[in-house]
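Remarks on the overall topology
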Amino acid sequence: PSLLMAGLSVAGGIAGFMKSGSRASLAGGGAVGTMFGISAYMINKNDDMAHLGYDLGYLSSMILVGKLAPGNLGKLSVRGGVAGAALAVGIYNGMKSFESKGII
């Protein structure tokens, strides 16, 4: 899920830049996409650090939800869809983080 969100975040940042020339969208999408990519790497390649990968994936999701959800969550739009996907991935990563730490 984190790798998929990495691609969506970067693509969204590029789309925001192409559509309106927003450098903030480009930087934000690139930064959050990079965080998701590092999260996916940590989860898949390093068993000792997987719990930190889930934490980083959760944090990345919440950043994206915080930016996109107000006014978009539940709407039939690209932003609403990405916000919904980020929320679902955030819940997944949060649960996996708790599981990896023996909390649940």
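Residues numbered from 1 in each chain as written. Predicted model: local features only at pLDDT ≥ 70, side-chain atom pairs only at ≥ 80, totals over all residues. Heavy atoms only, no water.

Looking at the overall build of the chain
The criterion, for reference: Helix and strand assignments come from DSSP, with helices taken as H or I runs of at least 4 residues and strands as E runs of at least 2, each series counted from the N terminus. To get the radius of gyration, use the C-alpha atoms; to get the globule rule, take the number of residues to the power 0.38 and multiply by 2.2 Å.
Per the secondary structure count, the chain includes 4 helices and 0 strands. Reading the chain from its N end, one meets helices and strands in the order α-α-α-α. What you see for the chain is a C-alpha radius of gyration of 14 Å, in line with the 13 Å of a compact globule of 104 residues. For the chain, the spread of C-alpha atoms along the principal axes amounts to about 45 × 25 × 15 Å.

Comments concerning the packing of helix α3 (residues 50-68) against helix α4 (residues 78-100)
Threshold: Note on definitions: angles span 0 to 180 degrees between N-to-C directions of axes, and those axes are lines fitted to C-alpha atoms, for helices only across the stretch in contact. Angular relationships are summarised with four words: roughly parallel below 35 degrees, roughly antiparallel beyond 145, roughly perpendicular across 65 to 115, and oblique for the angles in between. Definitions for this section: a left-handed crossing has its near helix turned counterclockwise from the far helix by less than a right angle. A right-handed crossing has that turn clockwise. Classification convention: Asp, Glu, Lys, Arg as charged; Ala, Val, Leu, Ile, Met, Phe, Trp, Tyr, Cys, Pro as nonpolar; all other residues, Gly among them, as polar.
Where α3 meets α4, the axes come as close as 8 Å, and the angle between the chain directions of the two elements is 155 degrees. Comparing their axes, α4 and α3 come out roughly antiparallel. The handedness of the crossing between α3 and α4 is left-handed. Class assignment for the residues of the contact of α3 with α4 results in 12 nonpolar, 8 polar and 3 charged.

Everything listed is a geometric property; what it means functionally is a separate question.
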